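# Coordinates in review
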Amino acid sequence: MQHINHPCIGVLGAGTWGVALARLLKNNGCQVTVWSALADEIRILKTTGKHPKLPDMSLPEGLCYTADMETACRDKDILVMAVPSVFVRKTAHDMRPFLRDGQIVVDVAKGIEESTLLTMSGIIEDELSGLDVKVVALSGPTHAEEVAQDLPTAIVSACEDESVAQYVQQVFSNNFLRVYTNTDKKGVEICGALKNVIALATGISAGLGYGDNAKAALITRGVAEIARLGSAAGCTSATFSGLTGLGDLVVTCTSRHSRNNRAGFLMGQGLSPEEAIREVGMVVEGVNTLPAAVKMAERYQVELPIIETVNLIVRGGMRPCDAVNALLSREMKSEIPVSFL
């Protein structure tokens, strides 16, 4: 597949997703520098050519690694924000002195900030206000473990400026990664954040010993909850049935690679939320997103029963079995809202 150019790219964050994307971009012909705030992460990548959590992936020759923010950011055409959601604001703040007008920041972190209810791109735009920098959300059903093996994958490049979304589309696309565009950036990001909470719910259900019927119900009603909130926030309805809505929800709720699904499973088996997170050993973004999700429900005055119940389990001490009973005993209603009839 031909690319419009071979841009110079800095990847901020050396977790599994950041490094899998760095490999992809390098193999696409780009010049790529990977940054981490942790010098040990950079040393391991440099010396082994491997990521410890992606042992079957070999990193290509010519990738650059640094723990210096200026080296990662200065004179890059595109910067990929691949740090955990809780570090997005600080990272954007720290990178600002080294940016120039015309750069593109591609955010691949998923979450919503509790204090402001901003999505990740909103946080980046807030920290970079006054600079002529375009921010794109790159999101979809994309486990790093599969992208690292060049398995067929589809993802969405979302930006209000469609020409920028199309540029990112061409830079990231190759023979196994198909990139679509969407101008509903906020909707894409709401989907990406809230699907992690629904994945906690499906994991809890499986941990309790419930079957595929319960999983299907949680996924389907989870889509309804995300769409209800997104519509109230002014997003495009088609986004919720697309790759970043239904697609990402399905993969996160069913895959063995899903940290959120795994953490929920452990909670359903009796571990505390803290014990489950320690056992997973990686960032569980659904837990980080819960407070903001509950606040968004209050702001837009929408019902999110699954999300609110997961919050009671994770942060309110409710037993998972009691949570299931509470969900099933809710007032009976039609599946189709009156507004759609």
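Further up the page is the structure itself.
Below is a short write-up of the structure. (Residues numbered from 1 in each chain as written. Predicted model: local features only at pLDDT ≥ 70, side-chain atom pairs only at ≥ 80, totals over all residues. Heavy atoms only, no water.)

## A word on the overall build of the chain
- Broken down by element type, the chain carries 15 helices and 10 strands.
- Its C-alpha atoms give the chain a radius of gyration of 20 Å, within 12% of the compact-globule value 20 Å for 341 residues.
- For the chain, the spread of C-alpha atoms along the principal axes amounts to about 60 × 40 × 35 Å.
- By residue count, 54% of the 341 residues in the chain fall in the buried class.
- Sequence separation of at least 24 residues holds for 71% of the intrachain contacts in the chain that already meet a minimum separation of 6. (Helix = DSSP H or I, 4+ residues; strand = E, 2+ residues; numbered from the N terminus. Rg over C-alpha atoms; globule rule 2.2 N^0.38 Å. Buried < 20%, exposed > 50% of the residue type's maximum accessible area, 1.4 Å probe, protein only. Contact = heavy atoms within 4.5 Å.)

## As for empty space enclosed by the protein
- In this structure the tally under the stated criterion is one cavity of 30 Å³ or more.
- Among the elements of the structure, strand 8 (134-139) and helix 8 (185-207) are those that each provide at least two residues to the lining of the largest cavity.
- The biggest single contributor to the lining of the largest cavity is strand 8, with three residues.
- Here the residues of the lining of the largest cavity sort into five nonpolar, two polar and three charged. (1 Å grid on protein atoms, 1.4 Å probe; cavity = no way out; pocket = protein on both sides within 12 Å on 5 of 7 lines; lining within 4 Å. Points joined across faces, edges and corners; volume = space filled by probe spheres on them. Nonpolar A, V, L, I, M, F, W, Y, C, P; charged D, E, K, R; others polar.)

## What about the pattern of salt bridges?
- For the coordinates displayed, the defined rule picks out 17 salt bridges.
- Salt-bridge contacts for Glu 303 lead to Lys 333; the nearest nitrogen and oxygen are separated by 3.2 Å. Here Lys 333 lies in the segment after helix 15 (320-328) and Glu 303 lies in the loop between helix 13 (285-300) and helix 14 (305-316), a separation of 30 residues in the sequence.
- Given a relative accessible area of 53%, Lys 333 falls into the exposed group.
- Residues Arg 319 and Asp 322 are paired through a salt bridge, measuring 2.9 Å at the closest nitrogen-oxygen approach.
- Since its relative accessible area comes to 32%, Asp 322 is described here as partly exposed.
- Within this structure, Arg 89, Glu 113, Asp 126 and Glu 127 form a network of salt bridges that share partners. (Salt bridge = Lys/Arg side-chain N within 4 Å of Asp/Glu carboxyl O.)

## Focus: unusual backbone geometry
- Unlike most non-glycine residues, Asp 75 shows phi in positive territory, near 65°.
- Positive phi, normally seen in glycine, also occurs at Asp 150, with a value near 60°.
- Relative to the helices and strands, Asp 150 is located in the loop between helix 6 (144-147) and strand 9 (153-158).

## Comments concerning helix 8
- With 23 residues, helix 8 should reach 33 Å at 1.5 Å per residue; the first-to-last C-alpha distance of 34 Å fits that figure.
- A positive backbone phi angle near 95° is found at Gly 209, which sits one or two residues after helix 8. (Expected span 1.5 Å × (residues − 1).)

## Comments concerning the packing of helix 8 against helix 14
- Where helix 8 meets helix 14, the closest approach of the two axes is 9 Å, and the angle between their N-to-C directions is 65°. Taken together, the axes of helix 8 and helix 14 are roughly perpendicular relative to one another. Here helix 8 runs over helix 14; the crossing is left-handed. Counting all contacts with helix 8, which are made through Leu 194, Val 197, Ile 198, Leu 200, Ala 201 and Ile 204, the residues of helix 14 involved are Ile 306, Ile 307, Val 310 and Ile 313.
- Within the contact of helix 8 with helix 14, the residues separate by chemical class into 10 nonpolar, no polar and no charged. (Axes fitted to C-alpha atoms, helices over the stretch in contact; angles between N-to-C directions. Parallel < 35°, antiparallel > 145°, perpendicular 65-115°, else oblique. Left-handed = near helix turned anticlockwise from the far one by under 90°.)

## Some points on the side chain of Ser 258
- Examined against the element boundaries, Ser 258 turns out to sit in the loop between helix 10 (243-254) and helix 11 (259-268).
- A relative accessible area of 3% means that Ser 258 is categorised as buried.
- Sequence-distant contacts of Ser 258, that is, excluding residues within four places in its chain, are made with His 143, Ala 199 and Thr 252.

## Points about the side chain of Asn 260
- Locating Asn 260 in the fold gives a position in helix 11.
- Of note is the side chain of Asn 260, whose polar atom sits 3.0 Å from the side chain of Asn 196.
- Here Asn 260 is in contact with Asn 196, Ala 199, Leu 200, Thr 252, Val 284, Glu 285, Gly 286 and Val 287, once residues within four sequence places are set aside. (Polar contact = N/O pair within 3.5 Å; in protein donor to acceptor, adjacent residues only side chain to side chain.)

## With respect to the packing of helix 8 against helix 13
- Packing of helix 8 against helix 13 leaves a shortest axis separation of 9 Å and a crossing angle of 115°. As helix 8 runs across helix 13, the sense of the crossing is left-handed. Contacts between helix 8 and helix 13 involve Lys 186, Ile 190, Ala 193, Leu 194, Asn 196, Val 197 and Leu 200 on the former and, on the latter, Glu 285, Gly 286, Val 287, Thr 289, Leu 290, Ala 293, Met 296 and Tyr 300.
- Residue classes in the contact of helix 8 with helix 13 are distributed as 10 nonpolar, three polar and two charged.

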